[in-house]
Amino acid sequence: MQAHSSSEQRLLEKIQKLPPEQVLLVEDFIDSLKKQNTDHSLTFAAAKLSEPVLLKIWDNPDDAEYDTLRIWSC
């Protein structure tokens, strides 16, 4: 807990020393990082939700037969 607190303090001190226009850049950068995390979470959730449907589509006797034929033809 102490390490987290000290890293926050160091970061705050660095931000406080920046000119206002650079503080805005830091804020924009933080917002973009947060958006990336949100986008990644949404993509991961969508992929997890689609797994059962895709398994039904991919796991079928016709494809299994085709897969065995393809293995032997290589």
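No experiment lies behind these values; they were computed from the predicted model shown.

(A) Structural detail: helix H2 (residues 20–58). Here H2 is 39 residues long and its end C-alpha atoms lie 55 Å apart, about the 57 Å a rise of 1.5 Å per residue gives. Along H2, the sharpest change in direction is near 40 degrees and occurs at Glu51; proline Pro52 comes one to four residues later.

(B) Geometry of the pattern of salt bridges. According to the stated counting rule, one finds two salt bridges in the structure shown. The salt bridge involving Glu51 is made with Lys48; its shortest N-O contact spans 3.5 Å. Of this pair, Glu51 and Lys48 both sit in helix H2, three residues apart, which is roughly one turn of the helix. Taking the relative accessible area as the measure of exposure, Glu51 reaches 38% and is therefore partly exposed. Of the residues examined, Lys48 reaches a relative accessible area of 44% and is grouped as partly exposed.

Calculation rules
- Residues numbered from 1 in each chain as written.
- Predicted model: local features only at pLDDT ≥ 70, side-chain atom pairs only at ≥ 80, totals over all residues.
- Heavy atoms only, no water.
- Helix = DSSP H or I, 4+ residues; strand = E, 2+ residues; numbered from the N terminus.
- Expected span 1.5 Å × (residues − 1).
- Bend = angle between axes of the 7 residues up to and from the residue.
- Salt bridge = Lys/Arg side-chain N within 4 Å of Asp/Glu carboxyl O.
- Buried < 20%, exposed > 50% of the residue type's maximum accessible area, 1.4 Å probe, protein only.

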